[in-house]
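Summary of structural features
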Amino acid sequence: MKIGIDISQVAYEKTGVAKYVKNLVENLIKIDKRNEYIFFFASLRRKTPIFNFQFSNKSQISNSKVQIRSFKILPTLLDLLWNRLHILPIEWLIGDVDMFVTSDWTEPPAKKAKKITILYDLIVYKHPQETAKKIVEVQKRKLKWVKKESDMIICISEATKKDAMEILGIEEKRLKVAHPGGI
């Protein structure tokens, strides 16, 4: 199986989202020897993770079943293309994949890939005054597509799962809890 994962958020090294994605990717590479992985990374100014991703076992990043597709693109452009217009399927950038995992900022359309989204919290709905207006707007646009298209949503806690059901109206069968330390 070919699995695509958006790892763009690892560029923000000191955030919880970056740590979660990094932990997920490190552990998948370590334990999964069957599947192929294509990591999507987009940033205009930040380095591609191959240069700043501190894997526990650095040799594993050279695994022939792992590819990084890096693009110098503004996050605001991806917000426009994916969250607002919802055009440019992810496969046009990374090739065909069976599954694509999105994370924190954008929700690309997919031609055929099953979509999985990691949901960290719903602070943009619960406490929007605590978050920058731009972040609230981007997250709400992304979450609209998550609700419509994601086959599975990985929640980082039972509280996030509960919020996803109550606030977004997502049915429980699409929600799975995977704690950061458990991946």
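Before reading on, note that the structure itself is shown above.
We now turn to the structure provided with this report. Keep in mind that what you see is a predicted model, and the values were worked out from it rather than measured.

In terms of regular secondary structure, the protein is built from seven helices and seven strands. If you list the helices and strands of the protein from N to C, you get β-α-β-α-β-α-α-β-β-α-α-β-α-β. Here the protein holds 183 residues, and 49% of them are scored as buried. Nonlocal contacts in the protein, meaning residues at least 24 apart in sequence, comprise 63% of its contacts between residues at least 6 apart. Entry remark: accessible area of the protein is about 9600 Å², with carbon and sulfur atoms responsible for 55%.

To continue, consider the packing of aromatic side chains. Evaluation of the coordinates by the stated rule reveals four aromatic pairs. Centre to centre, the rings of Tyr37 and Phe39 are 6.1 Å apart; their planes meet at 35°, and the pair counts as tilted.

To continue, consider the environment of Phe41. The topology assignment puts Phe41 in strand S2 (residues 36-42). Along the primary structure Phe41 and Arg69 are separated by 28 residues, whereas in three dimensions their C-alpha atoms are 6.1 Å apart.

Among the five residues in strand S1 (residues 2-6), four count as buried, and that is most of the element. Taken together, the five bridges between S1 and S2 define a ladder with parallel strand orientation. Among the inter-strand pairings, Asp6 is bridged to a residue of S2, identified as Phe40. Crossover handedness for the path S1 to helix H1 (residues 16-31) to S2: right-handed. As paired elements, S1 and strand S4 (residues 99-102) share three bridges and run parallel to each other.

Let us look at unusual backbone geometry. Positive phi, normally seen in glycine, also occurs at His86, with a value near 55°. With respect to the element layout, His86 can be found in the loop between helix H3 (75-84) and helix H4 (91-94). A relative accessible area of 12% places His86 in the buried class.

Parameters at a glance
- Residues numbered from 1 in each chain as written.
- Predicted model: local features only at pLDDT ≥ 70, side-chain atom pairs only at ≥ 80, totals over all residues.
- Heavy atoms only, no water.
- Helix = DSSP H or I, 4+ residues; strand = E, 2+ residues; numbered from the N terminus.
- Buried < 20%, exposed > 50% of the residue type's maximum accessible area, 1.4 Å probe, protein only.
- Contact = heavy atoms within 4.5 Å.
- Areas by Shrake-Rupley, 256 points an atom, 1.4 Å probe, with all protein chains shown as cover.
- Phe/Tyr/Trp six-rings, centres within 6.5 Å; stacked < 30°, edge-to-face > 60°.
- Pairing = 2+ DSSP bridges.
- Right-handed = clockwise from strand over helix to strand, strands pointing away.

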